[in-house]
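Understanding the architecture of this molecule
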Amino acid sequence: MVSDRDTIFALATAPGKAGVAVVRVSGSLVGQVGAALFGDLPTPRYAALRVLKDAQGRRLDQALVLYFPEKNSFTGEEVLELHLHGSVAVVNAIIRELSDMTGLRLAEAGEFTRRALENGCLNLSQVEGLADLIDAETEAQRRQAFRVLSGDLGVLADGWRTDLIRAAALIEATIDFADEEVPVDVTPEVSQLLGNVKSQLDLEISGVDTAERIRTGFEVAILGAPNVGKSTLLNALAGRDAAITSEYAGTTRDVIEVRMDLGGLPVTLLDTAGLRETEDHIESIGIERARSRAEAADLRILLIEANQKPDFQIHKGDIVVAAKADQLDNASDAVSGKTGQGVAQLIDRISQELAERSAQSGVATRERHRVAMLRASEALNAANDVLQSGPEYYDIGAEELRTAIRSLDSLVGRVDVENLLDEIFSSFCIGK
């Protein structure tokens with residue numbers, strides 16, 4: 001039976017041949033593992049060279065060994081790291097040896113990180129940040145994920161939570177001691193606390209969509225009439241033949257996607273079917289998909305013939321460029337995927353537009369974060385309305401504040417109601 005108290009182990013680096021492979025062990029039996037494999041554990045957090053042996057005393061490998069004591073490791077438990085030669089045979093031999101030890105088992109997916117969460121080494125948002133950091137493909141994704149992993153969202157949530165606990169404590173004190181003299185009217189301070197938290201929440205909520213786009217990638221759709229050069233432009237932007245090109249109109253029937261890195265931002269380019277009236281059933285399906293994906297895209301490149309107007313609506317932020325710059329006398333603000341003319345300038349325009357949007361992103365990066373903050377903001381609206389109705393409704397206001405606090409707690413995966421009572425007693429010294 002699997003137990004969260006078992007000592008667990010797993011390969012912590014990618015499988016396959018490499019220069020170094022790291023096997024991690026976490027749990028209370030780390031000392032016994034060390035004694036069985038190589039002898040005494042090394043000085044905490046200092047690497048030591050050790051010869052690893054099996055139960056019969058045969059040499060398995062020579063490795064760098066790191067030991068982290070309890071409360072000073074990634075999981076919060078005792079942790080042993082074996083930095084092995086990155087041979088598949090060496091790794092398999094060590095894994096077999098660990099598997100034969102009593103009390104040890106192979107870790108489940110994400111179990112080291114889960115233990116870090118359960119032991120208070122990471123909060124829930126940091127766990128999400130760690131997952132994003134591992135998946136990061138671009139510089140912007142790396143920076144954003146590292147901010148979340150570093151605890152920036154938790155710091156914000158803690159600040160908001162502290163202010164709301166203070167506001168709730170003031171209201172609770174008024175309710176519980178309505179028949180006694182309260183030192184001051186709490187309404188102005190409570191209103192200010194709620195207003196400050198709500199304004200910060202709303203600002204962070206407004207940046208979630210952009211932050212989520214940095215995490216998952218922006219979509220940039222190339223739109224235009226048939227045979228205007230969309231597929232050729234896509235190939236030029238991607239630096240490879242991702243789409244079929246020909247002189248025949250209507251070659252592209254479905255949406256073609258190419259993922260790339262533009263200025264450190266993750267971008268998926270969409271080559272869409274040419275927009276025109278057609279009686280071809282298959283082509284009409286492609287055109288409908290093109291219009292649908294283009295409407296949902298974050299940015300659209302409208303490729304048009306010189307001196308012609310597009311037959312589709314231009315949205316704010318769209319980039320309109322003339323096609324086939326190599327055939328034009330005046331090629332300013334034009335592009336040619338065939339010769340590459342204007343492609344660098346177009347990439348700069350796309351990168352600049354997306355960079356400006358990215359500047360509006362916050363620390364919250366997921367829909368879960370947005371929903372939790374939105375619930376908290378709505379609860380603060382309700383609490384403020386109650387506050388303006390008079391002290392006889394303060395009990396309802398206090399409950400709305402508790403709802404807001406619980407919503408913020410869900411951001412970091414924490415549930416704690418005792419701090420509210422602690423704040424009441426410590427701030428007002430009312431336990432005479």
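Everything numeric here is computed off the predicted structure, so don't read it as measured data. (Residues numbered from 1 in each chain as written. Predicted model: local features only at pLDDT ≥ 70, side-chain atom pairs only at ≥ 80, totals over all residues. Heavy atoms only, no water.)

**Looking at the confidence of the model for the protein chain**
So the rule is basically this: pLDDT measures how confident the predictor is about each residue, on a scale from 0 to 100. Contacts are residue-level and defined by heavy atoms, with any inter-residue pair within 4.5 Å sufficient.
Chain-level statistics for the protein chain give a pLDDT mean of 80 and a share of 83% at 70 or above. For the stretch residues 242–253, pLDDT sits under 50, and the model shows 34 contacts to residues farther than four places along the chain or on other chains. Contacts for the low-pLDDT stretch residues 416–432, under 50 throughout, to residues beyond four places or in other chains number 24 contacts.

**Focus on the pattern of salt bridges**
We apply this condition: By salt bridge we mean one thing: a side-chain nitrogen of Lys or Arg within 4 Å of a carboxyl oxygen of Asp or Glu. Here a helix means four or more residues in a row that DSSP labels H or I, a strand means two or more in a row labelled E, and each is numbered from the N terminus. The buried label applies to any residue whose accessible area, calculated with a 1.4 Å probe on protein chains only, is under 20% of its type's maximum; exposed applies above 50%, and partly exposed to all values in between.
Overall, the coordinates contain 23 salt bridges when judged by the stated rule. Here arginine 142 ties to glutamate 139 by a salt bridge, and the two come within 2.5 Å at their closest N and O atoms. Linking arginine 142 with glutamate 139, this pair stays in helix H5 (residues 139–149), spanning 3 residues, or about one helical turn. The exposure class assigned to glutamate 139 is partly exposed, which follows from its relative accessible area of 35%.

**What to know about the nonpolar core**
Keep this limit in mind: Residues enter a nonpolar core if they are buried and are Ala, Val, Leu, Ile, Met, Phe, Trp, Tyr or Cys, with the set joined through side-chain atoms within 4.5 Å.
With 35 residues, the main nonpolar core has Leu164 and Leu401 as its most contacted residues. Among the elements of the structure, helix H6 (152–176), helix H7 (187–206), helix H12 (367–389) and helix H13 (394–412) are those that each provide at least two residues to this core. By residue number, the principal contributor to this core is H6, which donates 9 residues. Contact partners of leucine 164, with chain neighbours within four places excluded, come to Leu194, Val197, Leu380, Leu401, Ala404, Ile405 and Leu408.

**Concerning the pairing of strand S1 (residues 7–11)**
Stated precisely, the cut-off is as follows: Strand pairing is defined by DSSP finding a minimum of two bridges between the two strands.
Here S1 lies mainly inside the structure; 4 of its 5 residues are buried. With 3 bridges joining them, S1 and strand S6 (residues 104–106) adopt parallel strand pairing. The residue of S6 that forms the bridge with phenylalanine 9 is leucine 106. As paired elements, S1 and strand S2 (residues 20–26) share 4 bridges and run antiparallel to each other. When the sheet's bridge partners are listed, isoleucine 8 is paired in S2 with serine 26.

**Looking at the sheet that holds S6**
Counted only if it meets this: To get an axis, a line is fitted to the C-alpha atoms, and for a helix only the part in contact is used. The angle between two axes follows their N-to-C directions and goes from 0 to 180 degrees.
Spatial ordering of the open sheet is given by S3-S4-S5-S2-S1-S6, a layout of 6 strands whose pairing is mixed. At either margin of the open sheet sits one strand with a lone partner, and together these are strand S3 (48–53) and S6. On average, each strand axis in the sheet is inclined to that of its neighbour by 30 degrees, with strand direction left out of account. Note that S3 and strand S4 (residues 59–68) share 6 bridges and pair antiparallel. Within the sheet, the bridge partner assigned to valine 51 lies in S4 and is glutamine 62. Sitting on the sheet, helix H1 (residues 30–37) is in contact with S2, S3, S4, strand S5 (79–85) and S6, with an inclination near 35 degrees to S5. Against the sheet, helix H3 (residues 111–118) engages S1, S2 and S6, with an angle of about 135 degrees to S1.

**Comments concerning helix H2 (residues 88–99)**
Definition in use: Expected helix span is computed as 1.5 Å times (number of residues minus one). Residues adjacent in sequence count toward polar contacts only when both atoms are side-chain atoms; beyond that, a polar contact is any pair of N or O atoms within 3.5 Å, and within protein one must be able to donate a hydrogen and the other to accept it.
Its 12 residues give H2 an end-to-end C-alpha distance of 16 Å, which sits within 8% of 16 Å, the value for a rise of 1.5 Å per residue. Taken as a whole, H2 has its buried residues at Val90, Val91, Ala93, Ile94, Ile95, Glu97 and Leu98. Measuring from the backbone nitrogen of alanine 89 back to the side-chain oxygen at the start of H2 gives 3.1 Å, which picks out serine 87 as the cap.

**A short note on the layout of surface pockets**
What counts, and what does not: Cavity: a set of points on a 1 Å grid over the protein atoms alone where a 1.4 Å probe fits but cannot get out. Pocket: an open set with protein on both sides within 12 Å along at least five of seven lines, its lining residues, like those of a cavity, having an atom within 4 Å of a point. Grid points are joined across faces, edges and corners, and a volume is the space filled by probe spheres set on the points. In the scheme used here, Gly and all other residues not listed as nonpolar or charged are polar, with Ala, Val, Leu, Ile, Met, Phe, Trp, Tyr, Cys and Pro taken as nonpolar and Asp, Glu, Lys and Arg as charged.
Put simply, the second largest pocket is a space of about 260 Å³. Along the wall of the second largest pocket there are 14 residues; nearest its centre are Gly110, Phe112, Thr113, Leu130 and Ile134. Elements that contribute at least two residues to the lining of the second largest pocket include exactly H3 and helix H4 (124–135). Among the elements that line the lining of the second largest pocket, the one with the most residues is H4, at 4 residues. Partitioned by chemical class, the residues of the lining of the second largest pocket number 9 nonpolar, 2 polar and 3 charged.

**Describing unusual backbone geometry**
A positive phi angle is found at lysine 71, which is not glycine, with a value near 70 degrees. Relative to the elements of secondary structure, lysine 71 occurs in the loop between S4 and S5. Lysine 71 sits in the exposed class, given a relative accessible area of 71%.

**Points about the environment of alanine 294**
With respect to the helices, strands and loops of the structure, alanine 294 is situated in helix H10 (residues 281–296). Taking the relative accessible area as the measure of exposure, alanine 294 reaches 2% and is therefore buried. Counting along the chain gives 71 residues from alanine 294 to leucine 223, while the straight-line C-alpha distance between them is 7.5 Å. Setting aside its immediate chain neighbours within four residues, alanine 294 contacts Ala221, Leu223 and Arg300.

**Describing the pairing of strand S8 (residues 256–262)**
Two faces make up the sheet, and in a regular strand the side chains alternate between them. Judged from the 7 bridges that link them, S8 and strand S9 (residues 265–271) form a sheet pairing that is antiparallel. By the bridge assignment for S9, valine 258 is matched with leucine 269. Hairpin geometry of S8 and S9 is characterised by an intervening segment of 2 residues between the two adjacent antiparallel strands and by a positive phi of about 60 degrees at glycine 263.

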